[in-house]
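Given next are the chains, with one letter for each unit.
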Amino acid sequence: MTLFDRGGKQMVLTAAGRRFLPLARDLVARADAAESAVGALAAGRAMRITVAAPPTTITDVIAPFLATWGPEDPLVTVQAESPAHAYQALARGADVAISSAPPRRRFAGLPVARLPLWAYVRADHVWADRERVTIRELAAEPLIVLTPAHGTRRILDHAVQEADASYEIVLECDTPHVVQAMAASGHGVAVVSDDPRFDLHPLLILDSTGEPLQIHLHAAWDASHYALHSIEAFAAGLSRFCVERYGPHVAAHL
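Computed from a predicted structure; not experimentally measured.

Caption draft 1: Region of the structure containing the overall build of the protein. Each helix and strand in the protein was counted, giving six helices and 13 strands. Expressed along its principal axes, the backbone C-alpha trace of the protein runs to roughly 65 × 50 × 30 Å. Here the protein holds 254 residues, and 41% of them are scored as buried. Within the protein, contacts between residues separated by at least 24 positions form 71% of all contacts whose residues are at least 6 apart in sequence. Carbon and sulfur atoms provide 56% of the accessible area of the protein, an area that totals close to 13700 Å². Measuring between centres, the 22 positive side-chain charges of the protein sit 10 Å from its 28 negative side-chain charges.

Written out as structure tokens, the structure reads:
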């Protein structure tokens, strides 16, 4: 099979070469991972795990979890990916991916947690002494939201539709930190799933049936991965940490 057209001083991929390229990249990534694992075992070093996850999950969940580990635990590196593309990182060398989107069946995995969606308001807002707000009350406020690429936004939109309501968008952006910053500056109510910042007050959002809106985190990995035991231990430990950090109501099995 001819992979390259050799013309002059350049080599250009043939049609067959372009089809073979993803497989070649996967083989190289696996070879690099195997070499790294053998080197770590030979030197007595801890296993290294690469985790792909959305930036908010890295900041609010994964990094605090890793801070509880000891020197005998695996070394972990992270790479930021959007929720929609986190699982694709598994084909690019990531060992485990965390996302709010359900993983494909060809991956092994487990549910990690069910984290609530929050409405964030300033301390001078009329809701600042409350703990909850209904979806209809929230829809009547000017909202600062994430783009539809985020699971948080899709859950909000579905809940508003189920309540037969609509809402006004003041600002739509891709960064949860900016969403909260704009709420802190008085432009509206922020709707995100990350931890509070800028002294904002959090309110649980109740859907039309009175249940809190929640976003589900999933972990996925290749079932044939050479470091399967370490990956499974990481995912299970992350799930337990979420319960310890946020309370039993976020347990994935509920």
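Caption draft 2: Structural view of the environment of Val-145. Residue placement: Val-145 occurs in strand E9 (residues 142-146). Residue Val-145 is classed as buried on the basis of its relative accessible area of 1%. Each C-alpha atom, one on Val-145 and one on Gln-180, is 9.2 Å from the other, the two residues being 35 residues apart in sequence. Discounting residues that sit within four places of it in the chain, Val-145 has contacts with Arg-153, Leu-156, Tyr-167, Ile-169, Leu-171, Glu-172, Cys-173, Val-179 and Val-191.

About the thresholds
Residues numbered from 1 in each chain as written. Predicted model: local features only at pLDDT ≥ 70, side-chain atom pairs only at ≥ 80, totals over all residues. Heavy atoms only, no water. Helix = DSSP H or I, 4+ residues; strand = E, 2+ residues; numbered from the N terminus. Buried < 20%, exposed > 50% of the residue type's maximum accessible area, 1.4 Å probe, protein only. Contact = heavy atoms within 4.5 Å. Areas by Shrake-Rupley, 256 points an atom, 1.4 Å probe, with all protein chains shown as cover. Lys, Arg positive; Asp, Glu negative; His and termini not counted. Charge placed at Lys NZ, Arg CZ, Asp CG, Glu CD.

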